[in-house]
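Spelled out from the first residue to the last, the chains are:
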Amino acid sequence: MNKLPAIAIYGYSDSGKTTVLTDLVEKLTESGHGVCTVKHTPADVSLDSEGKDTRRHVDSGSSLTVFSTGVETDLMFPEPLPLNDILRLVGSAGSCDLVLVEGFKSSSLPKISVGDIEGKDGTIMRYDGDLDPVLEAIESEIRITEIENELPGLDCGLCGNESCREMAEEIYEGKREVKDCQVLEEKDLNLRVDGEDIPLENFPASIIKSGLKGMLESLKGVDDDFDHVSLEADY
Ligand code: SF4
């Protein structure tokens, strides 16, 4: 499943971050985006109250309780989920092309800060009262994630970047192209060891391919003009 672009909005309590987030949702929805939102609080609170029927469902050990009402549908898991699991869930359940997260300031997501809070790692900008530059930064983030989804996601470093995300940023800035991904370059040679894809640089890939071709051509019963080979070995 493709990764959804996700951006965290963070700031102190009462800094106005919820207003910034909801204003962004309105503007982005007007411009044709589907936006899902996540609100995080580290406090031990629940939307439900002790003794209510739905709370009893959750407390009974149910893996997932769905609270269905005349106006909304709430999913209740019996424990806090890691952010990546929440984003996967949102991606599969909601019809959106972007997720805005309120909170999760220590996550690895790209972030926008609101108010005078100290900048956290991954902060792409500070909101200064003008939504337009924030909307531009979000559009860039959507494009960078689209590029990232074209890359294999192996974070192998063969292209000289530590991660596919860094490579996607360079492609977005016009410094590189998708075809500079060393793994995609050699996609006509796939090596898997114990079920794991092994990224190969061009040189070892071409040595393996030419060595295998020479050996196969010398075997009885193999036509010289074969165009696909599968090889599996147990050790
Ligand atoms: S070579 Fe390709 S798979 Fe490896 S980090 Fe670079 S972009 Fe990602």
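Residues numbered from 1 in each chain as written. Predicted model: local features only at pLDDT ≥ 70, side-chain atom pairs only at ≥ 80, totals over all residues. Heavy atoms only, no water.

*Asks:* Would you mind showing me how to read a nonpolar patch on the surface here?
*Replies:* A cluster of nonpolar side chains, L64, V66, L75 and L89, forms an exposed patch at the surface whose accessible area comes to about 300 Å². Residue classification places L75 among the partly exposed positions, given a relative accessible area of 43%. (Patch = residues over 30% accessible without salt bridge, like charges linked within 9 Å, V, L, I, M, F, W, Y side chains within 5 Å. Areas by Shrake-Rupley, 256 points an atom, 1.4 Å probe, with all protein chains shown as cover. Salt bridge = Lys/Arg side-chain N within 4 Å of Asp/Glu carboxyl O. Buried < 20%, exposed > 50% of the residue type's maximum accessible area, 1.4 Å probe, protein only.)

*Asks:* Looking at this structure, how should I read a negative patch on the surface?
*Replies:* Together, D128, D130, D132 and E136 give the surface a local cluster of negative charge. Position of D130 relative to the elements: it lies in the loop between β7 (123-127) and α4 (131-150). (Lys, Arg positive; Asp, Glu negative; His and termini not counted. Charge placed at Lys NZ, Arg CZ, Asp CG, Glu CD. Helix = DSSP H or I, 4+ residues; strand = E, 2+ residues; numbered from the N terminus.)

*Asks:* Help me understand the site of the ligand, please; the structure alone is not making it clear to me.
*Replies:* Around the ligand sit P152, D155, C156, G157, C159, C164, M167, C181, Q182 and V183, and those are all the residues in its vicinity. Counting residues per element, the ones that place at least two in the shell around the ligand are α5 (164-172) and α6 (182-185). (Near = heavy atom within 4 Å.)

*Asks:* Help me understand the domain arrangement of the protein chain, please; the structure alone is not making it clear to me.
*Replies:* As a measure of interface size, the accessible area lost when the parts come together is often cited. When cut into domains, the protein chain gives domain 1 (6-44 + 81-150) and domain 2 (152-230). Relative placement of domain 1 and domain 2: their C-alpha centres are 35 Å apart. Interface area, domain 1 with domain 2, both sides summed: about 770 Å², of which 65% is carbon and sulfur. Connecting domain 1 to domain 2 are 1 salt bridge. E141 is the partner of R165 in a salt bridge, and the nearest nitrogen-oxygen pair spans 2.5 Å. Linking domain 1 with domain 2 are 2 residue pairs in polar contact (both at pLDDT 80 or more). Looking at the side of domain 1 that touches domain 2, its residues break down into 3 nonpolar, 1 polar and 4 charged. (Domains from an automatic or database assignment. Buried area = accessible area lost by both parts, 1.4 Å probe. Polar contact = N/O pair within 3.5 Å; in protein donor to acceptor, adjacent residues only side chain to side chain. Nonpolar A, V, L, I, M, F, W, Y, C, P; charged D, E, K, R; others polar.)

*Asks:* Teacher, can you tell me more about the sheet that holds strand β5 (residues 98-102) here?
*Replies:* Pairing between the strands of a sheet is mediated by backbone hydrogen bonds and can be parallel or antiparallel. What the 5 strands build is an open sheet, ordered β2-β5-β1-β6-β7; its pairing is parallel. Every other strand in the sheet has two partners, leaving β2 (35-39) and β7 as the edge strands with one partner each. Each strand axis lies, on average, 20° off the axis of its neighbour in the sheet, ignoring direction. Two strands pair when backbone bridges link them, and strand β6 (residues 111-114) and β7 are joined in this way by 4 bridges, in the parallel orientation. Looking at β7, one finds that V114 is bridged to Y127. On top of the sheet, α4 reaches β1 (6-10), β5, β6 and β7; it is set at about 160° to β7, its chief contact. (Pairing = 2+ DSSP bridges. Axes fitted to C-alpha atoms, helices over the stretch in contact; angles between N-to-C directions. Contact = heavy atoms within 4.5 Å.)

*Asks:* Could you clarify how one ought to interpret the pattern of salt bridges in this entry?
*Replies:* Note that side chains of opposite charge can pair when their charged atoms are close. Summed over the entire model, instances satisfying the criterion amount to 15 salt bridges. Of the charged contacts, one joins R143 and E146 as a salt bridge, the two residues approaching to 3.1 Å between their closest N and O atoms. Taken together, the residues span about one helical turn, with R143 and E146 both in helix α4 at a distance of 3 residues. Judged by its relative accessible area of 35%, R143 is partly exposed. We note a salt bridge from D197 to R192, for which the minimum N-O separation is 2.9 Å. You can call R192 exposed: its relative accessible area is 54%. What emerges from the salt-bridge pattern is a single network uniting E141, R165 and E169.

*Asks:* Which parts of the structure should I look at to understand the packing of α4 against α5?
*Replies:* A pair of packed helices is characterised by two quantities: the angle between their axes and the separation of those axes. For the pair α4 and α5, interaxial distance at closest approach is 8 Å and the crossing angle is 120°. Judged by the inter-axis angle, α4 sits oblique to α5. In this structure, α4 crosses over α5, and the sense of that crossing is right-handed. Contacts from S140, E141, R143, I144, I147 and E148 in α4 reach C164, R165, A168, E169, I171 and Y172 in α5. (Parallel < 35°, antiparallel > 145°, perpendicular 65-115°, else oblique. Left-handed = near helix turned anticlockwise from the far one by under 90°.)

*Asks:* I keep staring at the side chain of E148 and nothing clicks. Help me out?
*Replies:* Here E148 lies in helix α4. When its relative accessible area of 12% is taken as the criterion, E148 is described as buried. Apart from residues lying up to four places away in sequence, E148 is in contact with K3, C164, R165 and A168.

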